[in-house]
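Residue-level structural notes
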Amino acid sequence: MAAQALELLREVERLEAPLEELRALQAMLQAVPLSELRERAADLRLGPLFSLLSENQREQTTLCVSILERLLQAMEPVHVARNLRVDLQKGLTHPDDSVKILTLSQVGRIVENSDAVTEILNNAKLLKEIVYCISGENLSVAKALIVEISSVSPESLNYCTTSGLITQLLRELTGEDVLVRATCIEMVTSLAYTHHGRQYLAQEGVIDQVSNIIVGADSDPFSSFYLPGFVKFFGNLAVMDSPQQICERYPVFVEKVFEMTESQDPTMIGVAVDTIGILGSNIEGKQVLHKTGTRFEHLLKRIGHQAKNASTELKLRCLDAISSILYLPPEQQTDDLLRMTESWFSSLSRDPLELFRGISSQPFPELHCAALKVFTAIANQSWAQKLMFNSPGFVEYVMDRSVEHDKASKDAKYELVKALANSKTIAEIFGNPTYLRLRTYLSEGPYYVKPVATTAVEGAE
C-alpha cells in the first residue's frame, strides 16, 4: 500500500495539473498505516507538493495540505528541520491560513524536540526568519509557538522580543478584551516556567501588572473570565521561585485565593483549591500557609466540606490538594511540622479519617484512589498512624484486598501499604503482628490473589 502511495506521489511530480492524482493520493494515504509510511520516510519527496501550494488553486491547496499533514507525521522532526527549511519558510508567509497552520504545527514539532530545535538554534538566520515570519501572524497558534520558542533559551527569547510579538502579547495581557486576556495569561504562564522567562517578565514589570489587575478585579464584572488564569500564574510563579517571597511581595494573590474558596462559582473554587495544593507542595509554601493561622484552618474546613459535597470533579481536586499539603517527606518531619499537619488534618472535618473512608467506599474508582492517596500522604507520620490504629476496623480495611477491583485502585492501595510498611515508627505503633502482615502484603505485590482451598470429594467426577 505504501509503495502504491509513493508511485502516485511520483506521478504527481510529473504532471502539471495533477488534481485527480492528488484526490487519489489523499484517499489512499488515509488507509496506509503511519508505521508503513515511517518505514519509507527516506523515499518521500515532498518538494513538489510544497511547490503546488504556490499555484493559488483552492482545491489543489486543500488536497496538498491534507496530504502533507499525513506525510510529515511520518517524518522525524530532525529530518523536517534539516531538509524542509526553505519550504517551511515559504509556508509561513503563504496567503492561505491552512498552509500557515500546517507549517506552524511542524515548527511546533521541531521546537518540542531537543535534537531538532538545535538545528534552528544553531542557525541564527533561520531562527530570526521563523520568528519574524510568525510575528506577522495574529493566529493564536503563532503566539503559542513564539512562547514555546522563547522558552528554549535566553537567545531565542531575545529574538522573539526583538520581533515585537512578545511585546504585543504583553500589551494584550493588560488590554481591554477580557477573552484575549484569558488566552494571553496562559501563554505568559508557559514562559514563566523557565528561569530566563521569569527574569524577563519581572524586568518588564509584567508580574506587577498582573498583581494590579487582580487588585482591580473586584470592580470588574467580567473578571471571572481571566481571574482564574491570573491566580494560576501566581501559583506557578510561587512554587518555581520562592513561595515566601512571592506571597510577601504580592499579598493580593494570597488574599484572592482565600476569597475564591468562598465563591459560589465552582470554577473559582477549583482554581483556588488547585493553587493551595501547588503552594502547599513544598515546605516553604506550607509555612506561608501556616502563617495565616486560623484563616487557613477555616479554609481547610471549607475544602473538607467540598470534598464531601461537591461535584465529582471538584471533590477530586480537593482530595489532590489535601494530599499535597499534608505530605511531609521523612527527612523534614520536625515536631513543629508534624503538629502543623496534624492540626490541618483535624481542621478538615469533625472526623476526617471517617470522611475519607466514606469517600473511598463510593463506587467511583477515581474517588476511591484519591481518598487512598490522602491516607498515603499522611501514612508515614506518627500522629496519623496512631489515628489509623485506634480507628475501629481501619487496619482491616487497609489489609483487605477484596475492596479493590480495578488496577488503579489496587495500585493506590499498594502505595498506602508501602508507605505504612516503610515507616520507621509503624512497628511500634501498629505492633509487630500487624507490621509483619503489612510486610507480607508488600512482598506479595499489588495484584496478589489468595489461592482458594479445594477439598477433594470421594466419588466426584
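Residues numbered from 1 in each chain as written. Predicted model: local features only at pLDDT ≥ 70, side-chain atom pairs only at ≥ 80, totals over all residues. Heavy atoms only, no water.

Before going further, it helps to spend a moment on empty space enclosed by the protein. Considering all chains together, one arrives at 2 cavities of 30 Å³ or more under this definition. If you trace the second largest cavity, you find it lined by Ala2, Ala5, Leu6, Leu9, Leu25, Leu29, Leu37, Leu44 and Leu71. Mapped by element, the contributors of at least two residues to the lining of the second largest cavity are α1 (2-14) and α2 (19-31). Looking at which element gives the most residues to the lining of the second largest cavity, the answer is α1, with 4 residues. For the lining of the second largest cavity, the per-class residue count stands at 9 nonpolar, no polar and no charged. (1 Å grid on protein atoms, 1.4 Å probe; cavity = no way out; pocket = protein on both sides within 12 Å on 5 of 7 lines; lining within 4 Å. Points joined across faces, edges and corners; volume = space filled by probe spheres on them. Helix = DSSP H or I, 4+ residues; strand = E, 2+ residues; numbered from the N terminus. Nonpolar A, V, L, I, M, F, W, Y, C, P; charged D, E, K, R; others polar.)

For the rest of this paragraph, the subject is the pattern of salt bridges. Scanning all chains against the criterion turns up 23 salt bridges. One salt bridge in this structure joins arginine 14 and glutamate 7, with 3.8 Å as the shortest N-O distance. In this structure, the salt-bridge partner of lysine 418 is glutamate 415, at a minimum N-O distance of 3.5 Å. Placement of the pair is lysine 418 and glutamate 415 together in helix α29 (residues 407-421), with a separation of 3 residues, close to one helical turn. On the basis of relative accessible area, lysine 418 is assigned to the partly exposed category, the value being 30%. A residue is classified by how much of its surface remains accessible, and glutamate 415, at 39% relative accessible area, is partly exposed. Via salt bridges that share partners, Glu7, Arg10, Glu11 and Arg14 belong to a single interconnected network. (Salt bridge = Lys/Arg side-chain N within 4 Å of Asp/Glu carboxyl O. Buried < 20%, exposed > 50% of the residue type's maximum accessible area, 1.4 Å probe, protein only.)

Attention now moves to the environment of methionine 75. With respect to the helices, strands and loops of the structure, methionine 75 is situated in the loop between α5 (58-73) and α6 (77-83). Residues within four places of methionine 75 in sequence aside, it is in contact with Ala41, Leu44, Leu46, Val80, Leu84 and Arg109. (Contact = heavy atoms within 4.5 Å.)

Aromatic rings in a pair are described by how distant their centres are and how their planes are angled relative to each other. Tallied over the full model, the rule gives 13 aromatic pairs. Seen in terms of ring centroids, phenylalanine 345 and tryptophan 383 are 5.4 Å apart; in terms of plane orientation they differ by 50 degrees. Their pairing is tilted. With phenylalanine 345 in helix α24 (residues 335-347) and tryptophan 383 in helix α27 (residues 382-390), this pair connects stretches of sequence that are 38 residues apart. Of the two residues examined, phenylalanine 345 and tryptophan 383, each falls in the buried class. Here phenylalanine 356 and phenylalanine 375 contribute two aromatic rings whose centre-to-centre distance is 6.4 Å and whose plane-to-plane angle is 85 degrees, an arrangement assigned as edge-to-face. Placement of the pair is phenylalanine 356 in helix α25 (residues 352-360) and phenylalanine 375 in helix α26 (residues 365-378), with a sequence separation of 19 residues. What links up through ring pairs into an aromatic cluster is the set Phe345, Phe356, Phe375, Trp383, Phe394 and Tyr397. One Lys or Arg, arginine 181, reaches over the ring of tyrosine 226 and ends 4.6 Å from the middle of that ring. (Phe/Tyr/Trp six-rings, centres within 6.5 Å; stacked < 30°, edge-to-face > 60°. Lys NZ or Arg CZ within 6 Å of the ring centre and 35° of its normal.)

For the rest of this paragraph, the subject is the nonpolar core. Leu46, Leu49, Leu201, Phe233, Phe234 and Phe356 are the most contacted members of the largest nonpolar core, which has 156 residues in total. Looking at this core element by element, the count peaks at 8 residues for α26. Both domains that furnish three or more residues to this core are identified here as domain 1 (33-364) and domain 2 (365-444). Leaving out residues up to four positions away in the same chain, phenylalanine 233 has contacts with Ile185, Val188, Thr189, Ala192, Leu201, Ile207 and Val210. (Core = buried A, V, L, I, M, F, W, Y, C linked by side-chain atoms within 4.5 Å. Domains from an automatic or database assignment.)

A few words now on the domain arrangement of the protein chain. The domains assigned to the protein chain are domain 1 (33-364) and domain 2 (365-444). Centre-to-centre, using C-alpha coordinates, domain 1 lies 35 Å away from domain 2. At the junction of the two partners, domain 1 supplies 25 residues and domain 2 supplies 21 residues. Carbon and sulfur atoms make up 68% of the surface buried where domain 1 meets domain 2, a total of about 2100 Å² over both sides. On the domain 1 side of the contact with domain 2, Leu353, Arg357 and Phe364 bury the most area, a combined 30% of that side's loss. Along the contact surface separating domain 1 from domain 2 lie 1 salt bridge. (Buried area = accessible area lost by both parts, 1.4 Å probe.)

This brings us to α27. Looking only at α27, the buried set comprises Trp383, Ala384, Gln385 and Met388. Structurally, α27 contributes buried residues whose contacts are with α24, α25, α26, α28 (394-399), α29 and α30 (426-430).

Once that is clear, we can look at the environment of valine 99. Note that valine 99 resides in helix α8 (residues 97-112). Considered as a pair, valine 99 and glycine 293 are 194 residues apart in the sequence and their alpha carbons are 57 Å apart. What valine 99 contacts, discounting residues up to four positions off in sequence, is Leu53, Thr61, Val65, Gly91 and His94.

Among the surface-exposed residues, Leu179, Phe222 and Phe225 lie close enough to one another that they form a single nonpolar patch of about 330 Å² accessible area. On the basis of relative accessible area, phenylalanine 222 is assigned to the partly exposed category, the value being 46%. (Patch = residues over 30% accessible without salt bridge, like charges linked within 9 Å, V, L, I, M, F, W, Y side chains within 5 Å. Areas by Shrake-Rupley, 256 points an atom, 1.4 Å probe, with all protein chains shown as cover.)

With that out of the way, let us pick up the packing of α8 against helix α9 (residues 114-121). Geometry of a packed helix pair, given as the angle between the helix axes and the separation of the axes. Following both chains from N to C, one finds α8 and α9 inclined at 105 degrees, their axes separated by 5 Å at the closest point. For the element pair α8 / α9, the angle class is roughly perpendicular. Counted together, Ile110, Val111 and Glu112 of α8 and Ser114, Ala116, Val117 and Ile120 of α9 form the full contact between these two elements. Grouping the constituent residues of the contact of α8 with α9 by class yields 5 nonpolar, 1 polar and 1 charged. (Axes fitted to C-alpha atoms, helices over the stretch in contact; angles between N-to-C directions. Parallel < 35°, antiparallel > 145°, perpendicular 65-115°, else oblique.)

Once that is clear, we can look at the packing of α2 against α5. Look at α2 against α5: their axes get within 10 Å of each other, and the N-to-C directions meet at 30 degrees. Considering the angle they form, α2 stands roughly parallel to α5. Helix-helix and strand crossings are classified by hand; for α2 and α5 the assignment is left-handed. The segment α2 lies against α5, with Leu19, Leu22, Arg23, Leu25, Gln26, Leu29 and Gln30 engaging Glu59, Gln60, Leu63, Cys64, Ser66, Ile67, Arg70 and Leu71. (Left-handed = near helix turned anticlockwise from the far one by under 90°.)

What follows is about the state of the cysteines. For the structure on display, the rule yields 0 disulfides. Unpaired in this structure, cysteine 318 has its nearest cysteine sulfur neighbour in cysteine 369, at a distance of 17 Å. (Disulfide = S-S within 2.5 Å.)

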